[in-house]
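Examination of the molecular architecture
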Amino acid sequence: MEIDENSNIHIPRFEGFAGVEKPLGAGYKPGEGNNPADSVFNRVLPNALTAKSDELFALARKSSLWTLSFGLACCAIEMISAHASHHDLDRFGVVTWPSPRQADVMIVAGTVVKKMADPIKLLYEQMPDPKWVIAMGSCATNGGPYYKSYSVVMGVDHLIPVDVYVPGCPPRPEALIYGVMQLQEKIKNDAKPSLNRELLQE
């Protein structure tokens with residue numbers, strides 16, 4: 001080791017095979033090394049993108065889902081865990097939102113009792129279109145262990161339309177993340193024109 005008089009920083013002197021000190025970055029050539037190759041798309045049609053407006057909007061919607069943050073029972077703990085740092089739903093573009101006025105996804109996490117039926121319907125009606133619903137757990141899906149109970153709704157789909165069902169009692173955070181990914185796929189596929197829609201237009 002030797003100390004440079006100007007900077008007082010220890011500069012290592014390599015005394016390996018060649019015995020010559022090699023400065024950092026020496027021998028580097030642009031375009032070489034661990035760089036990804038050009039995609040076929042860029043070689044054939046650079047800087048051009050064509051898409052239908054519905055598909056473009058669906059791409060934006062599926063990548064920025066705002067979930068209405070409320071929980072009804074024990075499934076809410078798993079939903080909170082899915083949004084926390086270990087699982088981090090934010091990397092999918094999913095963030096929680098406390099107001100239904102700006103939220104576009106309702107995650108019904110837990111037992112839907114009859115007393116909560118009207119508030120859930122009210123929250124759903126306050127959400128702007130387009131909006132989607134995820135029924136998380138057995139209780140929100142079909143009543144779960146409280147099936148045919150005097151006070152429990154036999155699935156939230158008796159109150160509002162459901163897009164994705166996440167089974168489990170309670171489902172793990174990974175299951176909810178998979179459900180969110182299925183919802184994203186549904187949003188993307190719904191934007192593509194179906195054969196029936198094309199036939200109706202003709």
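All of these numbers come straight from a predicted model, not from anything done at the bench.

1. Quick word on the packing of aromatic side chains
Applying the stated criterion across every chain, the model contains one aromatic pair. Between the NZ or CZ atom of K131 and the centre of the ring of Y124, over which it lies, the distance is 4.2 Å.

2. A closer look at the pairing of strand 5 (residues 105-109)
Burial within strand 5 is extensive, with five of its five residues counted as buried. Residues V105, I107 and A109 of strand 5 are buried on one face, and the alternating residues M106 and V108, pointing to the opposite face, are buried as well. The sheet contact formed by strand 3 (residues 66-68) and strand 5 spans two bridges and is parallel. The residue bridging T67 from the neighbouring strand is V105, located in strand 5. Two elements, strand 5 and strand 6 (residues 132-136), share five bridges in a ladder whose sense is parallel.

3. As for the pattern of salt bridges
In the structure shown here, the tally under the stated rule is five salt bridges. Here K186 and D190 are joined by a salt bridge, their closest N and O atoms 2.9 Å apart. Pair noted here: K186 and D190 are both in helix 6 (residues 173-191), with a separation of four residues, about one helical turn. Look at K186 and you get partly exposed, because its relative accessible area is 28%. The exposure class of D190 is partly exposed, given its relative accessible area of 42%. Salt bridges here are not isolated pairs; linked through shared partners, they connect D163, K186 and D190.

4. Overview of the environment of V108
On the secondary structure map, V108 appears in strand 5. Each C-alpha atom of the pair V108 and C139 lies 9.5 Å from the other, and the pair is 31 residues apart in sequence. With residues near it in sequence (within four places) discarded, V108 still touches L72, V133, I134, A135, M136, A140 and V156.

5. A look at the packing of helix 2 (residues 53-62) against helix 6
For the pair helix 2 and helix 6, the least separation of the axes is 8 Å and the interaxial angle reads 170°. In terms of their interaxial angle, helix 2 and helix 6 are classed as roughly antiparallel. Residues D54, E55, A58, R61 and K62 of helix 2 lie in contact with helix 6, whose contacting residues are Q184, I187, K188 and A191. For the contact of helix 2 with helix 6, the per-class residue count stands at three nonpolar, one polar and five charged.

6. Examining the environment of D129
By secondary structure assignment, the location of D129 is in the loop between helix 4 (117-126) and strand 6. With 25 residues separating them in the primary sequence, D129 and D104 have C-alpha atoms 7.3 Å apart.

7. Here we look at the side chain of D104
Position of D104 relative to the elements: it lies in the loop between strand 4 (95-97) and strand 5. Within the local environment of D104, its side chain forms a polar contact with the backbone nitrogen of W66, the two atoms lying 2.8 Å apart.

8. Considering the sheet that holds strand 6
Consider a sheet: its strands pair through backbone hydrogen bonds, and that pairing is either parallel or antiparallel. Pairing in this open sheet of five strands is parallel, and the strands run 4-3-5-6-7 from one edge to the other. Only two strands of the sheet have a single partner each, and these edge strands are strand 4 and strand 7 (164-166). Along the sheet, successive strands turn relative to each other by an average axial angle of 30°, direction set aside. By the bridge criterion, three bridges tie strand 3 to strand 4 in an arrangement that is parallel. Paired with L68 across the strands is W97, a residue of strand 4.

Cut-offs used in this document
- Each chain has its residues counted from 1, running along the sequence as written.
- Note on the predicted model: pLDDT of at least 70 is required for a residue's local features to be given, and 80 or more for side-chain atom pairs to be given and counted; whole-chain, interface and lining totals, by contrast, use all residues.
- For side-chain calculations, the full set of non-hydrogen atoms in the structure is used, while hydrogens and water are omitted.
- For this analysis, a ring pair means two rings from Phe, Tyr or Trp (six-membered ring only for Trp) whose centres lie within 6.5 Å, classed as stacked if their planes differ by under 30 degrees, edge-to-face if by over 60, and tilted for the remaining angles.
- Here, a charge over a ring is recorded when the distance from Lys NZ or Arg CZ to the ring centre is within 6 Å and its angle to the ring normal is within 35 degrees.
- Throughout, exposure labels follow a simple rule: accessible area from a 1.4 Å probe, protein chains only, divided by the maximum for the residue type, with under 20% read as buried, over 50% as exposed, and the rest as partly exposed.
- Secondary structure elements follow DSSP: runs of H or I no shorter than four residues count as helices, runs of E no shorter than two count as strands, and numbering proceeds from the N terminus.
- DSSP calls a pair of strands paired once it identifies at least 2 bridges connecting them.
- Any carboxyl oxygen of Asp or Glu within 4 Å of a side-chain nitrogen of Lys or Arg constitutes a salt bridge here.
- We call two residues in contact when some of their heavy atoms are within 4.5 Å.
- Orientation is described by lines fitted to C-alpha atoms, with helices fitted over the stretch in contact, and by angles between N-to-C directions that extend from 0 to 180 degrees.
- Every angle not falling under 35 degrees, over 145, or within 65 to 115 is termed oblique; those three ranges are roughly parallel, roughly antiparallel and roughly perpendicular.
- Any residue outside Ala, Val, Leu, Ile, Met, Phe, Trp, Tyr, Cys, Pro, Asp, Glu, Lys and Arg is labelled polar, Gly included; the first ten of those are nonpolar and the last four are charged.
- The term polar contact refers here to a pair of N or O atoms within 3.5 Å; inside protein, the definition further demands a hydrogen-donor-capable atom paired with an acceptor-capable atom, and it admits residues adjacent in sequence only when both atoms are side-chain atoms.

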